[in-house]
Protein chains: 2
Amino acid sequence: MKRSDVLVIGSSAAGLVAALTARMVNPDKTVTVIRRENKCMVPCGIPYAFGSLTGTDQNVMPAEKMFETAGVELVIDDVVSIDRSAKVCRTGSGEEIAWEKLVLATGSTPVRPRWLKGCELDGVFTVPKDKDYLDMMKSSLAGCKRVVVIGAGFIGVEFSDELVKAGYQVELVEQKQQVLAQAFDTEIAERAGDLLKARGVSVRLGVGVSELIGDTHVHEVRLANGDTLLADAVVLAVGYEPNTSLAAEAGITITSQGTIRVDEYMRTNDPNIFAAGDCAEKRDFVTRKTNTGMLASTACAEARTAGMNLFKLSLVKTFSGTISIFATALGDTGFGIAGLTEAQARAEGFDVVTSTFEGMDKHPGSLPGTHKQLVKLIVGREAGVILGGEVVGGASTGELTNCLGFIIQNRMNVFSLLTSQIGSHPLLTASPAAYPLIQAAGMIVRDTLGR
Amino acid sequence: MKRSDVLVIGSSAAGLVAALTARMVNPDKTVTVIRRENKCMVPCGIPYAFGSLTGTDQNVMPAEKMFETAGVELVIDDVVSIDRSAKVCRTGSGEEIAWEKLVLATGSTPVRPRWLKGCELDGVFTVPKDKDYLDMMKSSLAGCKRVVVIGAGFIGVEFSDELVKAGYQVELVEQKQQVLAQAFDTEIAERAGDLLKARGVSVRLGVGVSELIGDTHVHEVRLANGDTLLADAVVLAVGYEPNTSLAAEAGITITSQGTIRVDEYMRTNDPNIFAAGDCAEKRDFVTRKTNTGMLASTACAEARTAGMNLFKLSLVKTFSGTISIFATALGDTGFGIAGLTEAQARAEGFDVVTSTFEGMDKHPGSLPGTHKQLVKLIVGREAGVILGGEVVGGASTGELTNCLGFIIQNRMNVFSLLTSQIGSHPLLTASPAAYPLIQAAGMIVRDTLGR
């Protein structure tokens, strides 16, 4: 029987990072990763394989090379059961692998909603992290002209934009009143929606889908308002479900949201079994409530925590709750969010004040390539603690959003932000006298002091 | 006699922000700014007025509009003396202005080194923050072909690059062995030097200038090694001196470095007189030593502290020492630094460990427009506290450097950085599994744990 001190199931973001971290922290332990797929996709790169990139081959994670360098063994196989008392996993090919510590990084599967009639028709696709499926999907799409994308979360929005770029006629249908409605406050989401329209996506908001119609192949989408849209293909982007059956069958506790229950160290109810990534429970950094966001960046942070705590608990830092930090881009415009939106904070019962500063991402704004830049801060009124922030800007949007992430994780307040030091450069940032994070903090201090 | 509760002398970065902050915090107080110049330059934009921009008109700070919006009065005049006991300033035009609180934001003047023979010749320019001078300089340069730039700090490097862009034949001469040698560690500075050469600047390192030669107009630069360079014009970029004569004549304490002595609240030895920006003393955030860096971003942070502490001390945050955070760009490559370099930290006596991670600023790296991205961390060995960081990358370099600034100001260590959450997006950031700040932290944890 094969033995590995650490066995990691899955090799997307969480599995990769958990394995590498486990090796890094425990150079004397053997680490093995077992996964189903021959090649792993860069998860957030998948939409771009349909437009900006030539295909999925350009979107393969260099996991094998990283494993080799780090001394992690890779097994391509499927785990079919976990024997917790024997501390052994059985695989589809009939092998057994014994482990001392097990990390479940089993990920998630796109939802194909049973309630939606016709969703099993040919030409109706989901977006799994599966290269073979995506390759099949891409070649099927090659013969199509009209594509209807259902669901305007990040995947739906990015897919729509990329498919338009690739020459398709795209209609994006969303039940909520905005695109990216779960991620951003309305006034920010509206900008994304307007931009998406300007880029050629036909966006239909506030309307659900009642049926997909076709004989064997989809040819029409019927909306809840009775309208019908012609469709050569349909992309379902209506969410992902955590893959937890393996864990559940082994008697590991599953939360009511369907994720694997974990503590602050990413341990399941079995102290030798950890979970990280889409399959694992998340608690919001601010509200402490269960959070269902599935992000590769969150998965990596969880995986680092899991990897560091396998053999002894690390006191340096637990995983102190999930901050959703993410960004997307439409053309040269970036949209980013860290922490709570205003709507989320208010719904949660926080007494918040907000401010929005809009300036330029270079200075002077007359420099070529200058992009408008907006920061909205969401701040607890009492102590001025920063609960969240949203960004719209140019190429620096992702890292400006990460600045907000560090600000929130360090529990900074508007006063300490206002007197923080930043660096600036004409071609790379806003003016130091109009730096958006500090200007937005100043607006709140001014309004608070002026009460 | 005119009266203003707050009088601010100077209206570049520090004066502008001090006045606006004073009004923001004290909406019931009158605030007046007095300055010499009709129009103020965006300080860090000056080099770009000679290449990327059509001229200085595109580089004017919109201070007047900001003052009007905020209710700050602007007086164009020159302060010639400060009467501290009467709390009155006298101006060049014979006016008197009485104040309750005075902010000195008198800035700095480029050094024209007396020891350098020929430095008063026609065609030898410095780079002051003076629109009229810069306009005169730009029209003089119009008839020139060969320009020698002396000094390869930020101003010299940026000027050289912009002048090449504008079609000049540029030789950059620097006594130190690297360009940007005070700002970056050698291996980073070398990259900037190589790039500058590749962009067409002739770079001469490790050699001083002994004399500028000409009858009335410079036509040759003699180097310390005996070489001579033909020159139609010379740009001196050898540093700036704080403007403190007004303060010194009023009996305000000046440090041995020639700056105005200030406390943590930016107060001079006179509790009613504050100073901020290039003219004011700076203490390093880490070493607590006097720091002579003159940056608009630092000036703005000091000015905010001064403005917040004028009428009552604000306990929310003092100005806890200067972190030099800055960035520059050569073409599409950004260079950024926050905190101490390795060389500075070692010279100071810190026991440091460093790590350098090099990856890509998008993911997968096959995406169009991907730029290499490097982060070097400088870390105290004992507690893993992050003392500094250097960045080389693409368009996100400025904000990635600002992430480092927030990390240092919050006194994070490599363990908390390693388990931090970040956000990522294919088009906007590195991969979450290879995010440079976290990867570099991980390398140090690995090496430290592996000792």
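Please refer to the structure higher up on the page.
Here is a short report on the structure shown in this document. (Residues numbered from 1 in each chain as written. Chains lettered and ligands numbered in written order. Predicted model: local features only at pLDDT ≥ 70, side-chain atom pairs only at ≥ 80, totals over all residues. Heavy atoms only, no water.)

Turning our eyes to something else, we now look at the packing of helix α1 (residues 13–25) of chain A against helix α7 (residues 296–308) of chain A. Residue and element names in this part refer to chain A. One can describe the packing of α1 onto α7 by two numbers: an axis separation of 7 Å at closest approach and a directional angle of 30°. Between α1 and α7, the angle is such that the two are roughly parallel. For the crossing formed where α1 meets α7, the hand is right-handed. Contact residues: α1 offers A13, A14, V17, A18, T21, A22 and V25, while α7 offers A296, A299, C300, A303, R304, G307 and M308. Of the residues belonging to the contact of α1 with α7, the class tally is eleven nonpolar, two polar and one charged. (Axes fitted to C-alpha atoms, helices over the stretch in contact; angles between N-to-C directions. Helix = DSSP H or I, 4+ residues; strand = E, 2+ residues; numbered from the N terminus. Parallel < 35°, antiparallel > 145°, perpendicular 65-115°, else oblique. Left-handed = near helix turned anticlockwise from the far one by under 90°. Contact = heavy atoms within 4.5 Å. Nonpolar A, V, L, I, M, F, W, Y, C, P; charged D, E, K, R; others polar.)

Another point: the environment of F159 of chain A. Residue and element names in this part refer to chain A. By secondary structure assignment, the location of F159 is in helix α4 (residues 154–165). Residues F159 and T305, spaced 146 residues apart in sequence, show a C-alpha to C-alpha distance of 31 Å. When near neighbours in sequence (up to four residues on either side) are disregarded, F159 contacts I46, P47, F50, V127 and M137.

Scanning the model with the defined rule gives ten aromatic pairs over all chains in all. Measuring from centroid to centroid gives 6.3 Å for F184 of chain A and F335 of chain A, while their planes differ by 65°, and the two rings are edge-to-face. With F184 of chain A in the loop between β10 (169–174) and α5 (186–198) and F335 of chain A in strand β19 (residues 333–339), the pair connects residues that are 151 residues apart, well separated along the chain. Residue F184 of chain A shares its accessibility class with F335 of chain A, and that shared class is buried. Between the aromatic rings of F154 of chain B and F326 of chain B, the centroid separation amounts to 4.8 Å while the plane-to-plane angle is 90°, which identifies the pairing as edge-to-face. With F154 of chain B in helix α4 (residues 154–165) and F326 of chain B in strand β18 (residues 325–330), the pair connects residues that are 172 residues apart, well separated along the chain. Under the relative-accessibility criterion, F326 of chain B is labelled buried at 12%. (Phe/Tyr/Trp six-rings, centres within 6.5 Å; stacked < 30°, edge-to-face > 60°. Buried < 20%, exposed > 50% of the residue type's maximum accessible area, 1.4 Å probe, protein only.)

What follows is about the interface of chain B and chain A. Contacts between chain B and chain A engage 77 residues on the former and 77 residues on the latter. For the chain B face of the interface with chain A, the top three residues by lost area are E399, F406 and Q421 of chain B, together amounting to 13%. Inspection of the chain B/chain A interface yields zero salt bridges. Summed over the shared surface of chain B and chain A, the result is 24 residue pairs in polar contact (both at pLDDT 80 or more). Contributing elements (two or more residues each) for the side of chain B that touches chain A: α1 (13–25), α7 (296–308), β18, α9 (397–409), α10 (414–418) and α11 (436–449) of chain B. The leading source of residues in the side of chain B that touches chain A is α9 of chain B, at nine residues. Class assignment of the residues belonging to the side of chain B that touches chain A gives a composition of 42 nonpolar, 30 polar and five charged. (Buried area = accessible area lost by both parts, 1.4 Å probe. Salt bridge = Lys/Arg side-chain N within 4 Å of Asp/Glu carboxyl O. Polar contact = N/O pair within 3.5 Å; in protein donor to acceptor, adjacent residues only side chain to side chain.)

Take the sheet that holds strand β14 (residues 228–230) of chain A next. All names here are of chain A. Ordered by their spatial adjacency, three strands build an open sheet running β12-β13-β14, and the pairing between neighbours is antiparallel. On the outer flanks of this sheet lie β12 (209–214) and β14, each paired with one strand and no other. Pairwise comparison of adjacent strand axes, ignoring direction, gives a mean angle of 25° for this sheet. Bridging between β12 and strand β13 (residues 218–223) involves five bridges; their strand directions are antiparallel. Across the sheet, the residue bridging to I213 is E220, located in β13. (Pairing = 2+ DSSP bridges.)

Our focus in this paragraph is unusual backbone geometry. Residues and elements named next belong to chain A. Residue P364 follows H363 across a cis peptide bond; omega there is -5°. Along the chain, P364 falls in the loop between β20 (352–360) and β21 (372–380). The backbone of R411 shows a phi angle near 50°, a positive value even though the residue is not glycine.

Looking now at the pattern of salt bridges. Opposite charge on two side chains lets them pair, provided their charged atoms get close. All names here are of chain A. Applying the stated criterion to the full structure yields 58 salt bridges over all chains. With a closest N to O distance of 2.7 Å, K2 and E73 form a salt bridge. Residue K2 is found in strand β1 (residues 2–9), and its partner E73 is found in strand β3 (residues 73–76); the two are separated by 71 residues along the sequence. The class of K2 is partly exposed, set by a relative accessible area of 25%. What you see here is one network of salt bridges that share partners, running through D185, E187, E342, R346 and K376.

Our focus in this paragraph is the pairing of strand β4 (residues 79–83) of chain B. Residues in a regular strand point their side chains to alternate faces of the sheet. All names here are of chain B. Bridge analysis of β4 against strand β5 (residues 88–91) gives four bridges, and the strand direction is antiparallel. Bridged to V79 within β5 is T91. Where β4 folds back on β5, the antiparallel hairpin that results is connected by four residues, among which K87 adopts a positive phi of roughly 55°.

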